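Chain by chain, the residues run as shown.
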Amino acid sequence: VFDKRRRRFKTSKWKQSANIFSGKKKIGIIEVYYQKKMPVMDEGPFLKEERILIDTVAYQVANAYKRIKLEDTLKERIKELSCLYGVSNIIEKHGSDYKKILQGIVDLLPSAWQYLEITCAKIVMNNEEFKTDNYKNTRWKQIADIEIENQTVGFIEIAYTQKMQTLDEGPFLKEERLLINAIAQ
């Protein structure tokens, strides 16, 4: 219950709640309060229909949460596939001009990572360096060696310019590791 006069939420001893789950993990709770004593019904002052309603709302919120998480995951995979397609286009466009190819790839890479606005990239190959305009050497980075005929000739580095939450590999997704490795090959 929201107290309009004081603009704050008020609890009471007359409460009904339902947990919100994503799989087996509890991700939230819905709580409904009566602010004054009500007659005793099926579940304290609450009717069985109110229990059904709050459980249904919790179920719908959980489904919406799952759908949003799935949509976010699909958006990330689309970015990664677009990056691979973009690398292919860059190679086709620039033919044998390896400097334009490597600079094109390094400029493309940040768009495939989760946090585009803080992502920078660098490719070093045969002691030549290609990097994004915003490149900074930070501790939050992924590196993949570039190998040709079993010889390491350089590397690709993706870095975040600021600290982010810990995910699969530091602040990076496991799919981002797969992507950087695929591009380095």
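A few points about the overall build of the chain
When its secondary structure is counted, the chain shows 3 helices and 8 strands. In the chain, the order of α-helices and β-strands from amino to carboxyl end is β-β-β-β-α-α-β-β-β-β-α. For 185 residues, the compact-globule formula gives about 16 Å, and the C-alpha radius of gyration of the chain, at 26 Å, lies well above that figure. Long-range pairs, those at least 24 residues apart, make up 51% of the contacts in the chain with a sequence separation of at least 6.

What to know about the pairing of strand β4 (residues 25-34)
As paired strands, strand β3 (residues 14-22) and β4 are joined by 9 bridges and run antiparallel to one another. Considered in β4, the bridge of I20 is made with G28.

Quick word on the environment of G154
Turning to its location among the elements, G154 is positioned in strand β8 (residues 151-160). Note on G154: relative accessible area 9%, which makes it buried. For the pair G154 and K48, spaced 106 residues apart in the sequence, the C-alpha separation amounts to 67 Å.

Quick look at the side chain of K122
Looking at the element boundaries, K122 is found in strand β5 (residues 119-125). Among all residues touching K122, those that are not within four sequence positions of it are V106, E129, F130, K131, Y135, F155, I156 and E157.

Focus: the pairing of β8
Pairing of β5 with β8 involves 7 bridges; the strand directions are antiparallel. By the bridge assignment, K122 is partnered in β8 with E157. Here strand β7 (residues 141-148) pairs with β8 via 8 bridges, running antiparallel. Across the sheet, residue E147 finds its bridge partner in β8, namely T152. Joining the antiparallel neighbours β7 and β8 is a turn of 2 residues, in which E149 adopts a positive phi near 50°.

Comments concerning the packing of helix α1 (residues 48-94) against helix α2 (residues 98-108)
Taken N-terminus to C-terminus, the directions of α1 and α2 make an angle of 160°; their axes are 9 Å apart at the nearest point. Classified by the angle between their axes, α1 and α2 sit roughly antiparallel to one another. Crossing handedness for the pair α1 and α2: right-handed. Contacts from C83, G86, V87, I90, I91 and H94 of α1 reach α2 at K100, I101, G104, I105 and L108. Taken together, the residues of the contact of α1 with α2 sort by class into 7 nonpolar, 3 polar and 1 charged.

Digging into the packing of aromatic side chains
In the structure shown here, the tally under the stated rule is 3 aromatic pairs. Relative to F46, the ring of Y34 has its centre 4.7 Å away and its plane inclined at 25°; by these criteria the two rings are stacked. Highlighted residues: Y34 in strand β4 and F46 in the loop between β4 and α1, separated in sequence by 12 residues. Judged by its relative accessible area of 2%, F46 falls in the buried class. Ring geometry for Y160 versus F172: centroids 4.5 Å apart, planes at 20°, classification stacked.

What counts and what doesn't
Residues numbered from 1 in each chain as written. Predicted model: local features only at pLDDT ≥ 70, side-chain atom pairs only at ≥ 80, totals over all residues. Heavy atoms only, no water. Helix = DSSP H or I, 4+ residues; strand = E, 2+ residues; numbered from the N terminus. Rg over C-alpha atoms; globule rule 2.2 N^0.38 Å. Contact = heavy atoms within 4.5 Å. Pairing = 2+ DSSP bridges. Buried < 20%, exposed > 50% of the residue type's maximum accessible area, 1.4 Å probe, protein only. Axes fitted to C-alpha atoms, helices over the stretch in contact; angles between N-to-C directions. Parallel < 35°, antiparallel > 145°, perpendicular 65-115°, else oblique. Left-handed = near helix turned anticlockwise from the far one by under 90°. Nonpolar A, V, L, I, M, F, W, Y, C, P; charged D, E, K, R; others polar. Phe/Tyr/Trp six-rings, centres within 6.5 Å; stacked < 30°, edge-to-face > 60°.

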